[in-house]
Structure formats: structure tokens, C-alpha cells
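In case you want the letters, here they are:
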Amino acid sequence: MVGIGPKQPPSRKGSMTDVPKNLLQTIKDFEGQFTVDTKKLKEIVDHFVKELEKGLSVEGGNIPMNVTWVMGFPNGDEQGTFLALDMGGTNLRVCEISLTEEQGGFDITQSKYRIPEELKTGTAEELWEYIADCLQQFIEYHHGEENLAKLPLGFTFSYPATQEYIDHGVLQRWTKGFDIEGVEGEDVVPPLENILKQRGLPIKIAALINDTTGTLIASAYTDPLMRIGCIFGTGVNAAYMENVGSVPKIAHMNLPPDMPIAINCEYGAFDNEHVVLPLTKYDHIIDRDSPRPGQQAFEKMTAGLYLGEIFRLALVDLLDNRPGLIFEKQDTSKLRKPYLLDSSFPAAIEQDPYENLQDTEELFERVLNIKPTPAELELIRRLAELIGTRAARLSACGVAAICKKKNITSCHVGADGSVFTKYPHFKARGAQALREILDWAPNEKDKVTIQAAEDGSGVGAALIAALTLNRVKAGNLAGIRNMNDMKTLL
Ligand code: BGC
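Owing to the predicted nature of the structure, the values given are computational and were not obtained by experimental measurement.

Asks: What exactly am I supposed to notice about the UniProt feature "domain: Hexokinase N-terminal" (unreviewed entry) in the chain here?
Replies: The feature "domain: Hexokinase N-terminal" (unreviewed entry), as given by UniProt, occupies residues 27–221 in the numbering adopted here. Taken end to end, residues 27–221 is 35% helix and 22% strand, and its two terminal C-alpha atoms sit 46 Å from one another.

Asks: So what exactly am I meant to see when it comes to the packing of helix H2 (residues 38–56) against helix H13 (residues 426–438) here?
Replies: In helix packing, the relevant descriptors are the interaxial angle and the interaxial distance, both defined with respect to the helix axes. Contact geometry of H2 with H13 gives a least axis separation of 9 Å together with a crossing angle of 75°. In terms of orientation, H2 and H13 fall into the roughly perpendicular class. On the side of H2, the interface is formed by Thr 38, Leu 41, Lys 42 and Val 45, while H13 contributes Ala 433, Glu 436 and Ile 437.

Asks: Even after reading the chapter, I still don't get helix H1 (residues 21–34), so can you show me in this structure?
Replies: Since the α-helix packs 3.6 residues into each turn, any two residues three or four apart lie on the same face. For H1, which comprises 14 residues, the first-to-last C-alpha distance of 20 Å matches the rise-based estimate of 20 Å (1.5 Å per residue) to within 8%. Among the residues making up H1, those that are buried are Leu 23, Thr 26, Ile 27, Phe 30 and Phe 34. Looking straight down H1, one finds its buried side chains confined to an arc of 100°; they lie on one side. Seen from the buried face of H1, the exposed residues on the opposite side, beyond 90 degrees, are Lys 21, Lys 28 and Gly 32. The inward-facing, buried residues of H1 contact helix H6 (281–288), helix H8 (304–321) and helix H11 (374–405).

Asks: How should the nonpolar core be read in this particular structure?
Replies: In a soluble, globular protein the nonpolar side chains are often hidden away together inside. Counting residues in each nonpolar core, the largest one holds 128 residues, and the members touching the most others are Phe 48, Tyr 267, Phe 311, Phe 364 and Val 399. Residue contributions to this core peak at 18 residues, all from H11. Once you skip the residues sitting within four places of it in the chain, Val 399 turns out to touch Ile 228, Cys 230, Phe 232, Tyr 267, Val 413, Leu 434, Val 448 and Ile 450.

Asks: Can you help me understand the site of the ligand in this one?
Replies: Around the ligand, the surrounding shell holds 15 residues, and the nearest of these are Thr 175, Asn 210, Asp 211, Glu 266 and Glu 299. Here Asp 211 contributes a side-chain N or O atom positioned 2.6 Å from an oxygen atom of the ligand. Relative to its free-state accessible area of 310 Å², the ligand is covered by the protein chains to the extent of 98%. Elements supplying a minimum of two residues to the shell around the ligand: helix H5 (211–222) and strand E10 (236–243). Here the shell around the ligand is composed, by residue class, of four nonpolar, seven polar and four charged.

Asks: Sorry, what's going on with the packing of helix H9 (residues 344–351) against helix H10 (residues 358–368) here?
Replies: Between H9 and H10, the least distance of the axes is 9 Å, while the angle of their chain directions is 155°. Taken together, H9 and H10 sit at an angle that is classed as roughly antiparallel. Across the interface between the two elements, Phe 345, Ala 348 and Ile 349 from H9 touch Thr 360, Leu 363, Phe 364, Val 367 and Leu 368 from H10. Here the contact of H9 with H10 is built from residues that sort into seven nonpolar, one polar and no charged.

Asks: Whenever I open this one, the pattern of salt bridges confuses me. Can you help?
Replies: As a working rule, side chains carrying opposite charge can pair if their charged atoms are close by. For the structure shown, the criterion picks out 31 salt bridges. With a shortest N-O distance of 2.7 Å, Arg 199 and Asp 133 are connected by a salt bridge. Of the two residues, Arg 199 sits in the loop between helix H4 (189–198) and strand E8 (205–209) while Asp 133 sits in helix H3 (residues 124–143), which places them 66 residues apart along the sequence. A salt bridge links Glu 436 to Arg 393; the shortest N-O distance between them is 2.8 Å. Taken as a pair, Glu 436 in helix H13 and Arg 393 in helix H11 lie far apart in primary sequence, 43 residues in all. Linked by salt bridges that have partners in common, Asp 167, Asp 187, Glu 193, Lys 204, Arg 481 and Asp 485 make up one network.

Asks: In this structure, what is going on with the sheet that holds strand E3 (residues 91–99)? I would like to understand it.
Replies: Backbone-to-backbone hydrogen bonds pair the strands of a sheet. The strands run either parallel or antiparallel. Overall, mixed pairing links the five strands, which are arranged E4-E3-E2-E5-E8 in an open sheet. The open sheet has two edge strands with one neighbour each: strand E4 (106–114) and E8. Pairwise comparison of adjacent strand axes, ignoring direction, gives a mean angle of 15° for this sheet. Here strand E2 (residues 80–87) pairs with strand E5 (residues 153–157) via five bridges, running parallel. From the neighbouring strand, Leu 83 faces E5, where its bridge partner is Leu 153. Across the sheet, H4 is in contact with E2, E5 and E8; its angle to E8 comes to roughly 140°.

Reading guide: rules and limits
- Residues numbered from 1 in each chain as written.
- Predicted model: local features only at pLDDT ≥ 70, side-chain atom pairs only at ≥ 80, totals over all residues.
- Heavy atoms only, no water.
- UniProt positions renumbered as here; feature names shortened; annotations may be inferred.
- Helix = DSSP H or I, 4+ residues; strand = E, 2+ residues; numbered from the N terminus.
- Axes fitted to C-alpha atoms, helices over the stretch in contact; angles between N-to-C directions.
- Parallel < 35°, antiparallel > 145°, perpendicular 65-115°, else oblique.
- Contact = heavy atoms within 4.5 Å.
- Expected span 1.5 Å × (residues − 1).
- Buried < 20%, exposed > 50% of the residue type's maximum accessible area, 1.4 Å probe, protein only.
- Arc of directions from axis to C-beta.
- Core = buried A, V, L, I, M, F, W, Y, C linked by side-chain atoms within 4.5 Å.
- Near = heavy atom within 4 Å.
- Polar contact = N/O pair within 3.5 Å; in protein donor to acceptor, adjacent residues only side chain to side chain.
- Areas by Shrake-Rupley, 256 points an atom, 1.4 Å probe, with all protein chains shown as cover.
- Nonpolar A, V, L, I, M, F, W, Y, C, P; charged D, E, K, R; others polar.
- Salt bridge = Lys/Arg side-chain N within 4 Å of Asp/Glu carboxyl O.
- Pairing = 2+ DSSP bridges.

Printed below as a string of C-alpha cells:
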């Protein structure tokens, strides 16, 4: 049948035979809620394409389509030594990257720090102090008393930011559960440069970038077929290269229409109006109880931050609304703690290789103090599969929409993020969804392939800093705040 898409059976054949009728019905209900068929995928992509266009228009829409002032791909000959500061959703990383003479080559030294939970809802001062501490520690260790005035910094700030210049970025809104007061609506570059100056580290930020833009550029450094950079991690998003002439919202700047410019889509905000996404009641609860209700609708259904919570909410729903159906006479208090389970929990369930789901049983006992029955284990496994499959299939919609918008029929997509690299079957499920959306013949080789990217937030940040300095040298000053300032780095 056309438009229905292949049925997705549970991964373990015959495993449902011993499941009682009422649990089987519950599994069917979950299948109904979480399955996104081909027809729906196509409907989502059609709407997505329109929303990408809208974001580039003067009026704008839900998807910010942020102009990044990254104007072109690297040619592989970029050189120099750069610092990169990567502020993601979970970790902070300080890197030093040397782009080497060998085409596409680099050396990297790095230190990783876990962002403390309390910092995510703390004050702006605490955030900048923490970042400065990490950077200072790294520099003292690797550079001692050296003069750093000529060491440019690429700051990977992976949140939506409006950039009038490449070394500027006003935070539009926090995402990924962050809620630090006094940063939204502000340029994040001066507070960081100021605190570094106060500590005797006169480091200049040459470029503020997004992790997706970094992924696009770092991947294109070694692969000329790269067209899109994606993150499927704590948050989700993509960047691609546009022509200035296709971005009406910067028409007033009178730049050459065929000049390339990278766009950071920020498509986690797709369908904030809830027009087309097939939201379940669990998605509505996640949104309602998040620090930013009404924002990041697409992200809340697909990103790593939420997959464990969707899973938990579905089980809690059964406890509350179908008394006696599951976990009878067990202490379920742990399961009631919001965000107790991160995406590694359903991932581990999907990874359980045993026919009797022994790993899943142990996981439930260890983390939740619950001992599921064999039939309950089947329900748990199927629920995890449904949530993981939905996330992968919806994730493919963003990639397909960019391809359709740009009339790209074949390309490579560079991808990074914990869900892409660690969640079982994510890649295969995403590839299957692309096949269905883009209508490739059954025996045709995939034309758009999503593959593991180079380190966008480190190497990508260094490359973008190098590209920026190279174009200042060449006299392309579009999106450069202060030419003299930049020239100090040359
Ligand atoms: C942020 C994006 C980022 C993505 C992946 C989203 O929450 O808004 O800027 O690219 O997460 O890290």
C-alpha cells in the first residue's frame, strides 16, 4: 500500500505470545500514539519546508533561521592555532586546535568539564565565573605566562542567538533545560571577554558559533559532499549553507546575492504552534512542566534530554490511570521522580540482547527498585522501541526538509550528539525514514546519508575562526563588528 509505510514489528519475534490481553491492548495503544507512518512523515516535511522559508523572511516564524556570518566552506588549507570553548547542554570543553599543513589535518588538546546541574538554573555571574575558571585552568596548564593576545578563541555557544556580527550573539532563549536569569536578550560575548580580561587573560573571541554550524564546517573540511551539519543530542538542530539572495531578512545589507552564508536553523522550535506534529499526552506534559512552555516543540519529541522522561511519563500514566495493570504491590515512588531517567535508560533497554530481557529486569531493579514480570518486561521493551523509533523518524524530517528546500537530491549530512552516536538503531531508523520521505526506489542506494561528523564544536570552531580571519584579510568585512579589533589577531 502506498503512503502507509512498512509496519515496524517489535524487534523480538514471537516474544508477545505470553503477554496477557490487557497488556497487549496497552501495547497497541502505545503503538497507535507513537507510530509515525510515511504519510505523516511527508506531511510533516511539507510543513517543515514552509517553516524554513518563513524563518528566512523578514516577518520570520517559529524557526529562527539564524544568520551566522560563516561565509563559505573551508578549502582544507586553513592554518593556525586556536582556542575553542564549547558550551553544550551537558559538558563544557576547552580545546586548543592547530590546523596543520597537511590538507584537512589538525591536532587537538582538550579538557572536558561536566556542567554542574545547579549552574543551569543559577545566575549569569556564576555561569561566566565557571567558564572562566575552566578556561583559566586550561591556559595556565598549557601556556603558563605566555602572551595570549594573538590566540583567537572560537566560542561554541549552542543555543539560539541573533548575530549581527560573527563575534556577537544575543541569546534568544535558553533551551535544553537551562534557565539562567539575565542572559536572554543580552550579547554573550562582552561578559565573557570582560571576565577573562579581569583575570589577566586578554583573549579575543574571533567567532561565536553554534555546534551545528561547527559540525557543518568541520565535516566539509574533509568531505566535499557535506551539505548539512546536524546535532541529535541533548538538543536537536541543523545548519546548512544558503545563498545571501535567498535570505530576504538580510536583503537590506545589499550583499552579493550569490555569496554563501551558513544558516543555523534552530529547528528544535519547529511547530511550536502544534499544527502538524503528532503529540501525545506525554509530550504535552513535558512542555507544560518545562522552564519554557510553548518552545522547542520538535526538540521535546526527539532530543536526548527528553526520551527517558517520555518513557517515564508513559509508565506513570499506566500506574495512575490503569490501577492494577502494572507493577502491582511494588514501591513505585522512584519512578515518580521527574527526569530521573535520561535517554541512556530506554537506550539500555533497547540494547538488551537477552530473549528473557534479563538486562532490563536488572536495570529496573537497580535504578527504580521495581521487579517487572516477564509480560511487563515485554511492554517496557516495546515502549522503549516506540519512543526511540519515533525520535529517529521525526529527526529525519528536519534533514529531508532542508534537502527539499535546497533541491538537494544527493549529499552527505554530518551528524553528532549523544543520541546519534549512542542510541541503538537510531541511524538505521533515520535512514529508513529518509528512504520513505524522499521516495527512493527499494533497491536504490541511499542518496542522502547521515554520517558521523568531525568534532564540530572544537575543530569546527577553530576552522570558523580561521575562515573569519582569512576573509578579513581578503577584505570581506560582512558581519565583522570591528575590523581593527579583528586585525589584532592577524
Ligand atoms: C539549541 C541549538 C543547538 C542544539 C543542539 C538546541 O537546544 O537551541 O542551538 O544546536 O540544541 O545542541
